[in-house]
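These are the residues of each chain, in order.
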Amino acid sequence: MNGYDILNALGSAGEAFVEEAQELRPTKKTVIHWSRLVSTAAACLAFAVLAGASLMTVYYFASPNQKKSEGMTVVSEAELLASEESLVQTEHVVVKTEEYSAPAARVLQEESDHTMLRFEGWVLPVEQVVIAGAFGQRANGIQSDHVNLAGPEGDRIVAVADGKVTETGYDATLGYYLILETEDGVLVKYAHLKDVTVEADQEVQQGEMVGSMGKTGRVTGPNLALTVYVDGVPVNPFR
Amino acid sequence: MEDTRIIELFCERDENAIAETTNKYGQKMQAMALRILENKEDAEECVNESLWKVWEAIPKEKPLFLKAYLLKVCRNTALNTIRYRNADKRQGNVQELTAELEQCIPDHMQEFRAEGRELEGCLKRFLEGLPKEKRQIFMNRYWFGESVADISQKYGISEEKVKTTCFRVRKKLKQYLEKEDFTI
């Protein structure tokens, strides 16, 4: 056996980790709690103009060893929070911090009753619903087409109704996701999953596990982003 | 076009599958091949050969994640190209990577030929057990063949940290291979 054998065998062995390896930075340091940055009206405007994607890659928490490259401004977390407006328009900002962990989910509502669902006969996709991000207009000015349900990483996520999985995959924003088409033709998208336990074209029963709670894609902590489409239009899954 | 639709095109033997794959993932495959082969023409040839292999393999093999599958085929094709074309004098980058990985092999295993599947399974279990951050660095170095400088820039950490992480993971892999009871 030689080094080449290992390099070769690594091809198949590592296939499952290809997407993870292409994430820009390790998850716990990738995302700044950007909602803090856009908490003022001016910041919201700048955010819209500069587009979320570029901002997300520009602002990040760095390790204490981060080397400063050209055009990069290094500030402390305190400085960043104190001068939100000007920093939003700065091109390269790195926030140095020893440790960064995602802030606890902002709990808007906590329920576990199926009747809170808009669709009769559906079951909740998670055992305990903790709405961390609501459908529609959010406090930061962004119009959301989905709800974010926070929960512990690895928690079981189930099919809300009988149906067929039409798509599974990975997306830089959505992370691991799947789309379930219910028998009534309603499309339900589950995103940011830790893993997907069903395959495309698979029939699933209501309550059957389809994946587990994760923080893949562009997120600040473990949550399920649930988007429900009726005739192609996103609707609030809750009453 | 969604990956599932591209896979369907492959299954339907529709040649648009090749065009759509090239359109969506051609550049990534090209970059992967270029890192290993270090020659633009060879890399282009490698991508074409990989697409042909994928065309032949689907629908017999139905990949769950198309991008990872394509990159794996491309990586294997590039490594095989080097193996057959230049067995003794490997390309600089591959030589560097194989020399580093050489350090993971326990002494008593060096003279044996590893069974591909067993070694693959062993490496997969090892990767699964690594903390995410270390796995990302290790994958970027030895799966994607990226340089220490590129990884350092990508993750905003020092080159020294990348080297140290790789060194520690290699050492851990050596211990793991020593402990694992796989057929040699």
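Residues numbered from 1 in each chain as written. Chains lettered and ligands numbered in written order. Predicted model: local features only at pLDDT ≥ 70, side-chain atom pairs only at ≥ 80, totals over all residues. Heavy atoms only, no water.

### Describing the overall build of chain A
Looking only at helices and strands, chain A features eight helices and 17 strands. Across chain A, the fraction of contacts at a sequence separation of at least 24, relative to all contacts at a separation of at least 6, is 60%. Counting only carbon and sulfur atoms, one obtains 49% of the accessible surface of chain A, whose full area is about 10900 Å². (Helix = DSSP H or I, 4+ residues; strand = E, 2+ residues; numbered from the N terminus. Contact = heavy atoms within 4.5 Å. Areas by Shrake-Rupley, 256 points an atom, 1.4 Å probe, with all protein chains shown as cover.)

### Examining the nonpolar core
If you look at the biggest cluster of nonpolar residues, it comprises 65 residues, and the most contacted ones within it are Ile6(A), Leu123(B), Phe138(B), Trp143(B) and Leu173(B). With residues up to four places along the chain from it excluded, the contact list for Leu123(B) reads Ile6(A), Ala9(A), Leu10(A), Ala13(A) and Leu173(B). Listed in part, the 32 residues of the second largest apolar core include Phe119(A), Leu178(A), Val186(A) and Val210(A). (Core = buried A, V, L, I, M, F, W, Y, C linked by side-chain atoms within 4.5 Å. Buried < 20%, exposed > 50% of the residue type's maximum accessible area, 1.4 Å probe, protein only.)

### So, the confidence of the model for chain B
All names here are of chain B. Scored by pLDDT, chain B comes out at a mean of 82, with 87% of its residues at no less than 70. Averaged over each element, pLDDT in chain B is lowest for helix α5 (residues 92–102) (77) and highest for helix α7 (residues 132–142) (90). Both scores are available for the predicted complex, with the pTM at 0.44 and the ipTM at 0.72. (pLDDT = per-residue confidence, 0-100.)

### Let's talk about a negative patch on the surface
Taken together, Glu183(A), Asp184(A), Asp201(A) and Glu203(A) make up a surface patch of like negative charges. Turning to its location among the elements, Glu203(A) is positioned in strand β14 (residues 203–204). (Patch = residues over 30% accessible without salt bridge, like charges linked within 9 Å, V, L, I, M, F, W, Y side chains within 5 Å. Salt bridge = Lys/Arg side-chain N within 4 Å of Asp/Glu carboxyl O. Lys, Arg positive; Asp, Glu negative; His and termini not counted. Charge placed at Lys NZ, Arg CZ, Asp CG, Glu CD.)

### Description of the pattern of salt bridges
The full count for this structure, using the stated rule, is 12 salt bridges over all chains. Taking the shortest distance from any N to any O, the salt bridge between Lys215(A) and Glu153(A) comes out at 4.0 Å. With Lys215(A) in the loop between β15 (209–212) and β16 (223–230) and Glu153(A) in the loop between β8 (147–150) and β9 (156–158), the pair connects residues that are 62 residues apart, well separated along the chain. With relative accessibility at 30%, the residue Lys215(A) sits in the partly exposed group. In this structure Glu153(A) comes out as partly exposed when scored by relative accessible area, which is 39%. Among the salt bridges present, the one from Glu133(B) reaches Lys161(B), with a minimum N-O distance of 3.8 Å. Taken together, the residues span a long stretch of sequence, with Glu133(B) in helix α7 and Lys161(B) in helix α9 (residues 159–179) at a distance of 28 residues. Residue class for Lys161(B) comes out partly exposed when judged on its relative accessible area of 29%. Overlapping salt bridges, with partners in common, bring together Arg5(B), Glu8(B) and Glu12(B) in one network.

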